[in-house]
Amino acid sequence: MRLSALLALASKVTLPRDYRYGMSRPGSLADRRKNPPGTRRRRVAVEPISDEEWHLFCGDTVEILEGKDAGKQGKVVQVIRQRNWVVLEGLNTHYRSVGRTGEDRGTMIPSEAPLLHNQVKLVDPVDRKPTEVEWRFTEAGERVRVSSRSGRIIPKPDFPRADGIVPETWTDGPKDTSVEDALERTYVPRLKTLEEEVMEAMGIQETRRHKKVYWY
Amino acid sequence: MGLLSGAARIVVRGADRMSRWTSKRGPRTFYKGRGAKGTGVHGRDGKFVQIREMVPELVVPELAGFRLKPYVNYRAQAGADAPLTAEQLFREAVAPAVEKDFRDGTLDPERLGKYGFEPTQEGKLFQLYPKNFPR
């Protein structure tokens, strides 16, 4: 949390109302170079999809339906909700050079291009074929994605956090509250305001009262 | 603000109208604060009289043996409690006593003050309506 905040150099970025989201993170150097303040680009049409309807998450295995790599399956590494984009690892790539300085042409690397949500389909774990997916509720009341063809539940995949922290193996530091202390319930509902409870707990006596004030 | 275009250079004359008017500008007789809350009044002889009630006092309990720390373990899940509503508060704080007295037959509709009912906010230090505390 503290180290990751330092690494990400988190700062509040105010974006213009018609900002066009691209592959660069808003606020990064590349984005600031491409969209300096005052940039106005043509608006792109983005189909509005609610958070409840969206079904593609990082770590999912999906198959590409159209494009250069149609028919191939890959893992989702990035989801850009503002453009309904998913980025698959190593698929749908074009080549660009990095590290160009002066005469040196740098090295060519493959860089993934994003795909729209309707250009990919989730893969059914039963037969490993692309399938339509619906959101349904289990017996326990949990909301899960269910393949339309086979009825199999597609669980939400585990994707490592960007700051590299694995919650299961986290050891408490000197400034960390343990799980039991954080989830302990100590609140007793009473008909007293916070100020009255604090006065009672600290033993503060106050017999003076405010003067009556009239306002219209 | 001077606008430079090509070879033409014009000089805009006059005071700076665009910057904020702060306490750092103006003549030396100009006084303007920066938003700090006052702690007293100026007396007739020019002296400043500090009023104790206007000086904020932090009431902090003994923190020896306090187990909550600034940060929380990553494994702790978000709490599943709903925000407290007035009905829930009533059910937990007042309803048991009222129900017990009703079953014993000692419930007196004229004397609801012992369950916490306040017919008027007069005489209270922290009045709920109109609210006379800042929180």
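Residues numbered from 1 in each chain as written. Chains lettered and ligands numbered in written order. Predicted model: local features only at pLDDT ≥ 70, side-chain atom pairs only at ≥ 80, totals over all residues. Heavy atoms only, no water.

Draft legend 1. Broad picture of the packing of aromatic side chains. The final tally for this structure, using the stated rule, is 5 aromatic pairs over all chains. Seen from their ring centres, Tyr19(A) and Tyr21(A) are 4.9 Å apart, and the 85 degrees between their planes marks the pair as edge-to-face. Taking the centre distance of 4.7 Å and the plane angle of 80 degrees together, the rings of Trp170(A) and Tyr74(B) count as edge-to-face. Of the two residues, Trp170(A) sits in the loop between β10 (153–154) and β11 (176–177) while Tyr74(B) sits in the loop between β5 (71–72) and α1 (86–93), which places them in two different chains. Just above the ring of Trp135(A) sits the side chain of Arg143(A); from NZ or CZ to the centre is 4.1 Å. In this arrangement the basic side chain of Lys156(A) is found over the ring face of Phe57(A), its NZ or CZ atom lying 4.7 Å from the centre. (Phe/Tyr/Trp six-rings, centres within 6.5 Å; stacked < 30°, edge-to-face > 60°. Helix = DSSP H or I, 4+ residues; strand = E, 2+ residues; numbered from the N terminus. Lys NZ or Arg CZ within 6 Å of the ring centre and 35° of its normal.)

Draft legend 2. Spotlight on the UniProt feature "domain: KOW" (unreviewed entry) in chain A. Per the UniProt entry, the sites bearing "domain: KOW" (unreviewed entry) are residues 55–82 of chain A in this numbering. Within residues 55–82 of chain A, the helical portion is 0% and the strand portion 43%, while the C-alpha atoms at the span's ends are 14 Å from each other. (UniProt positions renumbered as here; feature names shortened; annotations may be inferred.)

Draft legend 3. Main features of the sheet that holds strand β2 (residues 73–80) of chain A. All names here are of chain A. On the basis of which strands lie adjacent, the open sheet formed by 5 strands has the order β6-β3-β2-β1-β7 and antiparallel pairing. Across the chains shown, the open sheet's two edge strands, defined by having one partner strand only, are β6 (115–116) and β7 (120–122). As judged from the 4 bridges shared by β2 and strand β3 (residues 85–88), these two strands associate in the antiparallel manner. Looking at the pairing, Ile80 lines up with Trp85 of β3. (Pairing = 2+ DSSP bridges.)

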